[in-house]
Amino acid sequence: MSFIAPRSALDAMLADIAVAARADLAERPRRVAEALGAHVLNPDLLAGRPCPCCPERYIRHLLHADPAGGYAVVALAWRPGQMSPVHAHRTWCAFGVHRGILTEGHYRAGGGGEPMQCGSALRPPGATCHGAADPELIHRLANLGSAEALSIHVYGVPFERFGQDVNLVYAA
Ligand SMILES: [Fe+2]
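Computed from a predicted model, the values in this text were never measured in an experiment.

Undergrad: Residues and numbers for the overall build of the protein chain, please.
TA: The secondary structure content of the protein chain amounts to 3 helices and 10 strands. The helix and strand sequence of the protein chain, counted from the amino end, reads α-α-β-β-β-β-β-β-β-β-β-α-β. Here the C-alpha radius of gyration of the protein chain, 16 Å, is about what a compact globule of 172 residues would show, namely 16 Å. Classification of the 172 residues of the protein chain by burial places 33% in the buried group. Partitioning the contacts of the protein chain with sequence separation of at least 6, the portion at a separation of at least 24 is 75%.

Here it is as structure tokens:
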């Protein structure tokens, strides 16, 4: 008699992301966002995978690195008041909010190169967003709420290259 362990909620999401991440590049960010959206509200998604906040800044926790190096999946943990820099992406990306509420600020490049905020949107639990590698898709994610937040992000580069190949930073 063989025993097959039940697939975890995280494994189920990662399996769907793996399929979506093989889509044509033009479709890939949207398909990955849809895969995130199908699972991101599952309360068991991070069972056994603590992703604590860091007192100093928002922090990434690696959940999965594609063995072929095509993408990596991370959890970002945000204390109230923590935020990303104003940035665009050097790679395609998608994210979904697992818990807490994030605020996404949208920016456009100003005449002097300084980004100017041109809008914002609340991203509550279950919300997903996606984008292509585009220096004009400038945004900032922030936890402006009173509770910790946790979001799941997928970027189209190996995790080891996140430092240089994900964010095109405009302002800290
Ligand atoms: Fe971003």
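After that view, the rundown keeps rolling.
Undergrad: Kindly report on the packing of helix α1 (residues 9–20) against helix α2 (residues 28–37), identifying the contributing residues and their values.
TA: Here α1 crosses α2 at 165°, and the two axes come no closer than 8 Å. For the element pair α1 / α2, the angle class is roughly antiparallel. Considering how the two elements wind past one another, α1 and α2 form a crossing that is right-handed. Judged by residue contacts, M13, D16, I17 and A20 of α1 engage R28, R31, V32, E34 and A35 from α2. A per-class count over the contact of α1 with α2 returns 5 nonpolar, no polar and 4 charged.

Undergrad: Tell me about the sheet that holds strand β9 (residues 149–155), and please be specific about residues and values.
TA: Here we have 5 strands laid out as an open sheet, ordered β1-β2-β9-β4-β7, and antiparallel in their pairing. One side of each edge strand has no neighbouring strand; the edge strands of this open sheet are β1 (59–65) and β7 (128–131). Between one strand axis and the next, the sheet turns by 20° as a mean value, whatever way the strands run. Both strand β4 (residues 93–99) and β7 contribute to a ladder of 4 bridges, which runs antiparallel. Bridge assignment links F95 to a residue of β7, and that residue is C129.

Undergrad: Kindly report on the nonpolar core, identifying the contributing residues and their values.
TA: For soluble globular proteins, the rule of thumb is that nonpolar side chains tend to be buried together. In terms of nonpolar packing, the biggest core is built from 37 residues, with I17, V32, L36, A94 and V154 touching the most fellow members. The dominant element in this core, judged by the number of residues it contributes, is strand β2 (residues 72–78), at 7 residues. Aside from chain neighbours lying at most four places away, what touches I17 is V32, A35, V73 and V154.

Undergrad: Talk me through the pairing of strand β8 (residues 134–142); I want residue IDs and the actual numbers.
TA: Pairing of strand β3 (residues 86–89) with β8, which is carried by 2 bridges, proceeds in the antiparallel orientation. Pairing of H89 across the sheet is with D134, part of β8. Of the strand pairs in this sheet, strand β5 (residues 102–109) and β8 are connected by 5 bridges, and their pairing is antiparallel. Looking at the pairing, G105 lines up with R140 of β8.

Undergrad: An account of the sheet that holds β5 is needed here, citing residue identities and associated values.
TA: The 5 strands are arranged β6-β5-β8-β3-β10 in an open sheet whose pairing can be described as antiparallel. The sheet is open, and its two edges are formed by β6 (115–123) and β10 (167–171), each paired on a single side. The mean angle between the axes of side-by-side strands here comes to 35°, regardless of whether they run parallel or antiparallel. Pairing analysis gives 4 bridges linking β3 to β10, with the strands arranged antiparallel. Bridge pairing in β10 links H87 to V169.

Cut-offs and rules
- Residues numbered from 1 in each chain as written.
- Predicted model: local features only at pLDDT ≥ 70, side-chain atom pairs only at ≥ 80, totals over all residues.
- Helix = DSSP H or I, 4+ residues; strand = E, 2+ residues; numbered from the N terminus.
- Rg over C-alpha atoms; globule rule 2.2 N^0.38 Å.
- Buried ≥ 20, exposed ≤ 12 C-beta atoms within 10 Å, placed from the backbone.
- Contact = placed C-beta atoms within 7 Å.
- Axes fitted to C-alpha atoms, helices over the stretch in contact; angles between N-to-C directions.
- Parallel < 35°, antiparallel > 145°, perpendicular 65-115°, else oblique.
- Left-handed = near helix turned anticlockwise from the far one by under 90°.
- Nonpolar A, V, L, I, M, F, W, Y, C, P; charged D, E, K, R; others polar.
- Pairing = 2+ DSSP bridges.
- Core = buried A, V, L, I, M, F, W, Y, C linked by C-beta atoms within 7 Å.

Function cannot be inferred from these measures alone, as they are strictly geometric.
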